[in-house]
Amino acid sequence: MIKAIFFDVDGTLLSHKIHNVPESTRQALREVRKKGIRTVIATGRDMVELSKLPVMDMKFDGYLTLNGQLCLDETKHAFGGNPIDSGEAEILVNIFKAKKIPFVLIGEGNRYINYVDNMVVDTQKATAGTIPDIGEYHGEKIYQCIAFVGDHEREMLSSILDECKVTSWNKTGIDIIAKEGGKSVGIQKFLEEEGMDRSEIMAFGDGENDVDMLKFAGIGVAMGNGAQEAKDAADYVTDSVDEDGIAKALRHFGLIA
């Protein structure tokens, strides 16, 4: 019996074609909630960005932000966090200060970038993202970094960050989090809070940063528009976000009529 469903945002709940959540998805989530099934966001975004997207007019029972690194309940009160190790954070701060690549540092309540170029503007425009203010590091805990880079720079970052995990969410956008982190870690914290088992949950995602939660969930569903890594990790591949993929999958598994 499914008791909770976890949803990625970009490319899963949110269509970048219509820049909104399809009505079929909204209706499907209303139906599962009526049955007492919890719905939870699991995203690489932070709450500042989420608050500006057309998903926040919907009801959710939790928000696992920054790829599970900062977990909030339905009232948006934090109940779990997993900052990057201080030693590795020092390397990240040095990359930020060097200003060789556009680099974002994200703390519990703030996010800021070292500089903005055309790659930042184009990437954020393509994903309905907002551009952080330019800022400076002041010693706070870092929960996630974002780099706007191509393949070469991504490989370079992966090679020098021993205690971090690097995952893509766009061709020119990557997330950097603690090595032992990920959406599945945030989900586990939610399950501990709610007294649930992983066998009782379903997860929907489309990107490389969704792979761990798709494998972790009792039922992992990849969107038809998703990356091959997500599809390979899933138990079931549904149609795309723009082809009513979430509603069709929930109907396939008998969770809605």
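Residues numbered from 1 in each chain as written. Predicted model: local features only at pLDDT ≥ 70, side-chain atom pairs only at ≥ 80, totals over all residues. Heavy atoms only, no water.

For the rest of this paragraph, the subject is helix α4 (residues 118-126). Taken together, the buried positions of α4 are Val120, Thr123 and Gln124. The arc that holds the buried residues of α4, viewed along the axis, is 95 degrees, so those residues lie on one side. Exposed residues lying more than 90 degrees from the buried face of α4 are Asn118, Asp122 and Lys125. Here the buried face of α4 lies against α2 (47-50), β7 (111-113), β9 (164-170) and β10 (173-178). Structurally, the start of α4 carries an N-cap: the backbone nitrogen of Met119 is 3.1 Å from a side-chain oxygen of Asp117. (Buried < 20%, exposed > 50% of the residue type's maximum accessible area, 1.4 Å probe, protein only. Helix = DSSP H or I, 4+ residues; strand = E, 2+ residues; numbered from the N terminus. Arc of directions from axis to C-beta. Contact = heavy atoms within 4.5 Å. Polar contact = N/O pair within 3.5 Å; in protein donor to acceptor, adjacent residues only side chain to side chain.)

By size, the foremost hydrophobic cluster in this structure holds 41 residues, and its most contacted members are Ile5, Met202, Phe204 and Leu250. Mapped onto this core, the elements with two or more residues apiece are β1 (4-7), α1 (23-34), α2, β4 (70-73), β6 (103-106), β11 (201-205), β12 (219-222) and α9 (245-252). If you tally residues by element for this core, the top one is α9, at four residues. Not counting residues up to four positions away in its chain, the partners in contact with Ile5 are Val32, Ile37, Arg38, Thr39, Val40, Met202, Phe204, Leu250 and Leu255. (Core = buried A, V, L, I, M, F, W, Y, C linked by side-chain atoms within 4.5 Å.)

What follows covers the pairing of β6. Residue alternation in β6 divides its side chains into two sets, Phe103 and Leu105 and Val104 and Ile106, and both sets are buried. Pairing between β6 and strand β8 (residues 144-147): four bridges, direction antiparallel. Considered in β8, the bridge of Val104 is made with Ile146. Pairing between β6 and β7: three bridges, direction antiparallel. Directly across from Leu105, in β7, lies its bridge partner Tyr112. (Pairing = 2+ DSSP bridges.)

Spatially, eight strands are ordered β5-β4-β3-β2-β1-β11-β12-β13 in an open sheet, and the strand pairing comes out mixed. Single-partner strands in this sheet number two, and they are β5 (78-81) and β13 (236-237). The sheet contacts of helix α6 (residues 183-194) involve β1, β2 (38-42), β3 (62-65), β4, β5 and β11, and relative to β5 the element is tilted by about 135 degrees. Contacts from α9 reach β1, β11, β12 and β13 within the one sheet, and its direction differs from that of β11 by about 155 degrees. (Axes fitted to C-alpha atoms, helices over the stretch in contact; angles between N-to-C directions.)

We now examine the environment of Thr127. As for its placement among the helices and strands, Thr127 is situated in the loop between α4 and β8. Considered as a pair, Thr127 and Asp232 are 105 residues apart in the sequence and their alpha carbons are 23 Å apart.

Judged by pairing direction, the sheet is antiparallel, and its five strands sit side by side in the order β7-β6-β8-β10-β9 without closing on themselves. Either end of the sheet is taken by a strand with one partner, and the two such strands are β7 and β9. Pairwise comparison of adjacent strand axes, ignoring direction, gives a mean angle of 20 degrees for this sheet. In the sheet, β8 pairs with β10 via three bridges, with the strands oriented antiparallel. Opposite Ala147, over in β10, you have Ile174 as the bridge partner. With respect to the sheet, helix α3 (residues 86-98) is in contact with β6, β7, β8, β9 and β10, its orientation differing from that of β6 by roughly 135 degrees.

The next point concerns the packing of aromatic side chains. If you walk through the whole model with that rule in mind, you get six aromatic pairs. Centroid distance Phe148 to Trp169: 6.2 Å. Interplanar angle 85 degrees. Geometry classified as edge-to-face. With Phe148 in the loop between β8 and α5 (151-160) and Trp169 in strand β9, this residue pair connects regions lying 21 residues apart in the sequence. What makes Phe148 buried here is its relative accessible area of 2%. Between the aromatic rings of Tyr236 and Phe253, the centroid separation amounts to 5.3 Å while the plane-to-plane angle is 80 degrees, which identifies the pairing as edge-to-face. Linking Tyr236 in strand β13 with Phe253 in the segment after α9, this pair joins segments that are 17 residues apart in sequence. Residue classification places Phe253 among the partly exposed residues on the basis of a relative accessible area of 30%. (Phe/Tyr/Trp six-rings, centres within 6.5 Å; stacked < 30°, edge-to-face > 60°.)

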